[in-house]
Amino acid sequence: MRLEQADLLQIYYFMRLTRALEDRTRTLFLQGRVVGGVYTGQGHEAISVGAAMTLHDGDFIVPQHRDLGMHLVRGSSPRAVMCQWLARGNSPTLGRDGQIHIGDMHHGIVPPISMLGESLPVACGVALTMKIRKHSTIVLATGGDGATNTGPFHEALNFASVQKLPVVFVIENNGYAYSTPTYKQFAIENLSERAQAYGMPGETVDGNDVLAVIEAVERAGEHVRGGKGPAIVECKTFRVRGHSEADKADYVPRELRDEWLAKDPIVRFEAYLTGKNILTEANKASIEARVKATVDDAVSFAEQSPAPDGATVANYVFAPDGPIAIIGEPGAEDPRYVNALDRRTGEPFSTVMEARFTAPQEVGRR
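What counts and how
- Residues numbered from 1 in each chain as written.
- Predicted model: local features only at pLDDT ≥ 70, side-chain atom pairs only at ≥ 80, totals over all residues.
- Heavy atoms only, no water.
- Helix = DSSP H or I, 4+ residues; strand = E, 2+ residues; numbered from the N terminus.
- Contact = heavy atoms within 4.5 Å.
- Areas by Shrake-Rupley, 256 points an atom, 1.4 Å probe, with all protein chains shown as cover.
- Buried < 20%, exposed > 50% of the residue type's maximum accessible area, 1.4 Å probe, protein only.
- Pairing = 2+ DSSP bridges.
- Right-handed = clockwise from strand over helix to strand, strands pointing away.
- Phe/Tyr/Trp six-rings, centres within 6.5 Å; stacked < 30°, edge-to-face > 60°.
- Salt bridge = Lys/Arg side-chain N within 4 Å of Asp/Glu carboxyl O.
- Axes fitted to C-alpha atoms, helices over the stretch in contact; angles between N-to-C directions.
- Parallel < 35°, antiparallel > 145°, perpendicular 65-115°, else oblique.
- Left-handed = near helix turned anticlockwise from the far one by under 90°.
- Nonpolar A, V, L, I, M, F, W, Y, C, P; charged D, E, K, R; others polar.
- Polar contact = N/O pair within 3.5 Å; in protein donor to acceptor, adjacent residues only side chain to side chain.

Asks: How do you make sense of the overall build of the protein chain when you look at a structure like this?
Replies: Across its full length, the protein chain carries twelve helices and seven strands. If you take every contact in the protein chain between residues at least 6 apart in sequence, the share linking residues at least 24 apart comes to 72%. If you sum the accessible surface of the protein chain, you get close to 15,800 Å²; carbon and sulfur atoms cover 52% of it.

Asks: Help me understand the pairing of strand β7 (residues 231-236), please; the structure alone is not making it clear to me.
Replies: Consecutive residues of a regular strand have side chains that alternate between opposite faces of the sheet. Counting buried residues in β7 gives five out of six residues, a clear majority hidden from the surface. The pairing of strand β6 (residues 202-206) with β7 spans five bridges and is classified as parallel. When the sheet's bridge partners are listed, Thr204 is paired in β7 with Glu234. Between β6 and its parallel partner β7, the chain crosses via helix α7 (residues 210-225), and the hand of that crossover is right-handed.

Asks: Before we go on, may I ask you to explain the packing of aromatic side chains in this structure?
Replies: In this description, an aromatic ring pair is defined by two values, namely the gap between the centres and the angle between the planes. A complete count under the given rule lists five aromatic pairs for this structure. Judged by centre distance (5.7 Å) and plane angle (10°), the ring pair of Phe238 and Trp260 falls under stacked. Here Phe238, found in the loop between β7 and α8 (254-261), pairs with Trp260, found in helix α8; they are 22 residues apart in sequence, far enough to count as distant. Trp260 carries the same exposure label as Phe238, and that label is buried. Their ring planes at 10° and their centres at 6.2 Å tell us that Phe269 and Tyr272 sit as a pair that is stacked. Of this pair, Phe269 and Tyr272 both sit in helix α9 (residues 265-275), three residues apart, which is roughly one turn of the helix.

Asks: Help me understand the pattern of salt bridges in this model?
Replies: Side chains that differ in sign of charge can pair as their charged atoms come close. In this structure the tally under the stated criterion is 19 salt bridges. Here Arg79 and Asp297 are joined by a salt bridge, their closest N and O atoms 2.8 Å apart. One end of the pair, Arg79, is in helix α4 (residues 78-85); the other, Asp297, is in helix α10 (residues 281-304), and 218 residues separate them in sequence. Here Asp297 falls in the partly exposed class, since its relative accessible area comes to 28%. Between Glu270 and Lys284 there is a salt bridge, with its nearest N and O atoms 3.0 Å apart. Of this pair, Glu270 sits in helix α9 while Lys284 sits in helix α10; the two residues are 14 residues apart in sequence, bridging distant segments of the chain. Among the charged side chains, a salt-bridge network with shared partners connects Arg16, Glu270, Lys284 and Glu288.

Asks: Is there a simple way to explain the packing of helix α5 (residues 119-132) against helix α6 (residues 151-163) in this structure?
Replies: For any two helices packed against each other, the geometry comes down to the angle between their axes and how far apart the axes lie. Relative to each other, α5 and α6 sit at 20°, their axes nearing to 8 Å. Taken together, the axes of α5 and α6 lie roughly parallel to each other. Crossing angle aside, the handedness with which α5 passes α6 is left-handed. On α6, the residues that touch Leu120, Pro121, Cys124, Leu128 and Lys131 of α5 are Pro152, Phe153, Ala156, Phe159, Ala160 and Gln163. In terms of residue class, the contact of α5 with α6 is made up of nine nonpolar, one polar and one charged.

Asks: Can you help me understand the side chain of His65 in this one?
Replies: Tracing the backbone through its elements, the reader meets His65 in the loop between β1 (60-62) and α3 (68-74). Engagement of the side chain of His65 in a polar contact is seen with the side chain of Arg66, the distance being 3.5 Å. Setting aside anything within four residues of it in sequence, one finds His65 in contact with Tyr39, Leu116 and His243.

Listed below in structure tokens is the structure:
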């Protein structure tokens, strides 16, 4: 994957936007303005943004709760994200959830399951559908180090390998499964070694180096697109905040946190771009202003959006009758249960590549 200067600056923008949106959400949470819990991915930005940047239009992601960057790269509107956190009636879940349990099938985003690891068999189902229908697309599914110790993780890997499904499994090894450090979970050094048991390639990379993540996921993607079956990429990083904002993470040694803070993926990438004379004072200031304006707009829009209507609480409990249309096939333009926002706009979302770098307009659209 050849990255031009504009691509590198766009990656930097998405990393900065991801961090800024989560920082503002954390502030809103401390002010008591967020309805539910807040789970952020500080330190994960290189993984979520880098991995998503390798994908093609039509590919799918099955993210977890620390993958906001993937949502943004694939086309989710910051307005929609903020409405979701504030549980507004026009949020992707129509106010029925206050966390990033959102999807957008027109942008290839499958909603995650909050029990980590449980989404991976779903990723296999999406991949199997694509294979049966002979689509030349792949699925990128993520999970943390803790998720690799759950049954669904191993079931998904075995099924994907036997069926040669087009799935790239990205393990975001951030050092802790809630409060359990990795050295108390595993007797192996690299979680990518588990790939050998399922007959697929596995690679471990520095998850705080966005270019290393892009290269590794791109290699895995080429393997998968070649019809050779799934692959694993383990990205080693660190969760510098608690499991959620309600968790002070007192169990993490201060020196360990400080060590990883010094490896901040955004600071590292900024230094790289500056050293290459790609990031100048002028375009850095421009990106900072763009990020701030986008976040301010998202918060303002969400705060002015209506609360959910209690009379509609039973709506969308059951999926509609009939099959859910596959994107790119007849019927896909019809709004469905998984695309509640489409029902309000009355038209399908624009594709990722056509609108990837434009400013957000309406909720759920770029």
